[in-house]
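Fold and geometry: a report
Each chain, letter by letter, is given below.
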Amino acid sequence: LAKIYKKYQQVLLEKNVRTFLQFKGKVNKEIRKTLRTAPDMFFSYNNGISTTASEIETKEIDGMLYITRLYDWQIVNGGQTTASIHNALQCKIDISQVNVQIKLTVIRDQSKTEEMVGFISKYANSQNKINMSDFSANDSYHVEMARLAEKIYVPSENGKSTLRWYYERARGQYMVDVNRQPTPKKKKKFK
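Calculation rules
- Residues numbered from 1 in each chain as written.
- Predicted model: local features only at pLDDT ≥ 70, side-chain atom pairs only at ≥ 80, totals over all residues.
- Heavy atoms only, no water.
- Helix = DSSP H or I, 4+ residues; strand = E, 2+ residues; numbered from the N terminus.
- Buried < 20%, exposed > 50% of the residue type's maximum accessible area, 1.4 Å probe, protein only.
- Areas by Shrake-Rupley, 256 points an atom, 1.4 Å probe, with all protein chains shown as cover.
- pLDDT = per-residue confidence, 0-100.
- Contact = heavy atoms within 4.5 Å.
- Pairing = 2+ DSSP bridges.
- Axes fitted to C-alpha atoms, helices over the stretch in contact; angles between N-to-C directions.
- Phe/Tyr/Trp six-rings, centres within 6.5 Å; stacked < 30°, edge-to-face > 60°.
- Expected span 1.5 Å × (residues − 1).
- Core = buried A, V, L, I, M, F, W, Y, C linked by side-chain atoms within 4.5 Å.
- 1 Å grid on protein atoms, 1.4 Å probe; cavity = no way out; pocket = protein on both sides within 12 Å on 5 of 7 lines; lining within 4 Å.
- Points joined across faces, edges and corners; volume = space filled by probe spheres on them.
- Nonpolar A, V, L, I, M, F, W, Y, C, P; charged D, E, K, R; others polar.
- Patch = residues over 30% accessible without salt bridge, like charges linked within 9 Å, V, L, I, M, F, W, Y side chains within 5 Å.
- Salt bridge = Lys/Arg side-chain N within 4 Å of Asp/Glu carboxyl O.

Brief notes about the overall build of the protein
- A count of helices and strands for the protein gives 8 helices and 5 strands.
- What you see in the protein, going N to C, is helices and strands ordered as α-α-α-β-β-β-β-α-β-α-α-α-α.
- Here the protein holds 191 residues, and 27% of them are scored as buried.
- Carbon and sulfur atoms form 52% of the exposed surface of the protein, whose accessible area is close to 14100 Å².

This is the structure in structure tokens:
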């Protein structure tokens, strides 16, 4: 990927919504850090790239299907990933352990290219923002708090309580649990 980008540069990113944003932003700094310190984990940590082509050629070798040629190949989403890997290669960082997942959409009807590229770009770039607090949702403390909330009833002065606590460990979990209730009556009781 780095060598292809070195050869074709911006031609490869003509349908991308951005050019390389350097290593100023937090995301690109983290990409660079992974390339330097944990290149073997790049595949696991990075979302990869979304690409399009008008046509592909393949060849089967020893029971495996290989893409041998792409026509009009474009990186629609993942320009930062691509340029970061290329930059790492230029800076003599060993990228031999770096693997990148690639989603390839072959758009054979050229009259649909602009529309398809637009949708791919839009949806690949419109994920819900992750808050820093979201990363702690699986910490043992929060897991235990959620477990206790399911077991412990709300104290009551008039005998045994029928109310329980609700501990929203992961953002959005409460509404998911509300919507899992099969009837409006059970939803109301749950709430």
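Observations regarding the confidence of the model for the protein
- Mean pLDDT over the protein: 85, with 90% of residues reaching 70 or higher.
- Element-level mean pLDDT values for the protein span from 80 in helix α5 (residues 113-124) up to 96 in strand β2 (residues 55-61).

Regarding the environment of Gly 78
- Within the secondary structure, Gly 78 sits in the loop between β4 (74-77) and α4 (79-90).
- Exposure remark for Gly 78: the relative accessible area of 10% places this residue in the buried category.
- Gly 78 has contacts with Asn 16, Gly 48 and Ile 49, leaving out every residue within four places of it along the chain.

Examining the sheet that holds β4
- A sheet is described by the order of its strands in space; here 3 strands give the open sequence β4-β1-β5, paired in mixed fashion. Both outer strands of the open sheet, β4 and β5 (102-106), are each paired with one neighbouring strand and no more. Adjacent strand axes in the sheet meet at a mean angle of 35°, parallel and antiparallel pairs treated alike.

A few points about the packing of aromatic side chains
- Evaluated as defined, the whole model comprises 3 aromatic pairs.
- Every member of this aromatic cluster is reached through a ring pair, and the members are Tyr 166, Tyr 174 and Phe 190.

Considerations on α4
- When the terminal C-alpha atoms of α4 are compared, their 16 Å separation across 12 residues agrees well with the 16 Å that a helix rising 1.5 Å per residue should span.
- For α4, a buried count of 9 out of 12 residues is recorded, marking the element as mostly surrounded by other parts of the structure.
- All of the buried residues along α4 are Gly 79, Gln 80, Thr 81, Thr 82, Ala 83, Ser 84, Ile 85, His 86 and Ala 88.
- Taken from the residues just after α4, Lys 92 is the one with a positive phi, measuring 65°.

Side note on the nonpolar core
- Within the largest apolar cluster, 9 residues are counted, these being Ala 2, Ile 31, Leu 35, Phe 42, Ile 85, Ala 88, Ile 93, Ile 95 and Val 98.
- At the level of elements, α2 (26-37) and α4 are the ones that each hand at least two residues to this core.
- Residues contacting Ile 95, with those up to four places away along its chain left out, are Ala 2, Ile 85, Ala 88 and Leu 89.
- Counting 8 residues, the second-largest nonpolar core is a separate cluster that includes Tyr 5, Ile 49, Ala 53 and Ala 83.

A few points about the layout of surface pockets
- By volume, the second largest pocket amounts to about 480 Å³.
- Sorting the residues of the lining of the second largest pocket by element identifies α6 (140-151), α7 (173-179) and α8 (184-190) as the ones contributing at least two each.
- Residues belonging to the lining of the second largest pocket are distributed by class as follows: 8 nonpolar, 3 polar and 6 charged.

Some words on a nonpolar patch on the surface
- Taken together, the side chains of Ile 4, Tyr 8 and Val 11 present a nonpolar region at the surface, about 260 Å² in accessible area.
- Within the secondary structure, Ile 4 is located in helix α1 (residues 2-8).
- Among the residues examined, Ile 4 registers a relative accessible area of 35% and is labelled partly exposed.

A short note on the pairing of strand β1 (residues 49-53)
- Most of β1 is tucked away, with 5 of its 5 residues classed as buried.
- Residues of β1 alternate between two faces, with Ile 49, Thr 51 and Ala 53 on one and Ser 50 and Thr 52 on the opposite face, all of them buried.
- For β1 and β5, the ladder comprises 5 bridges, and the chain directions are parallel. Residue Ala 53 lies in a different strand from β5, and its bridge partner there is Val 106.

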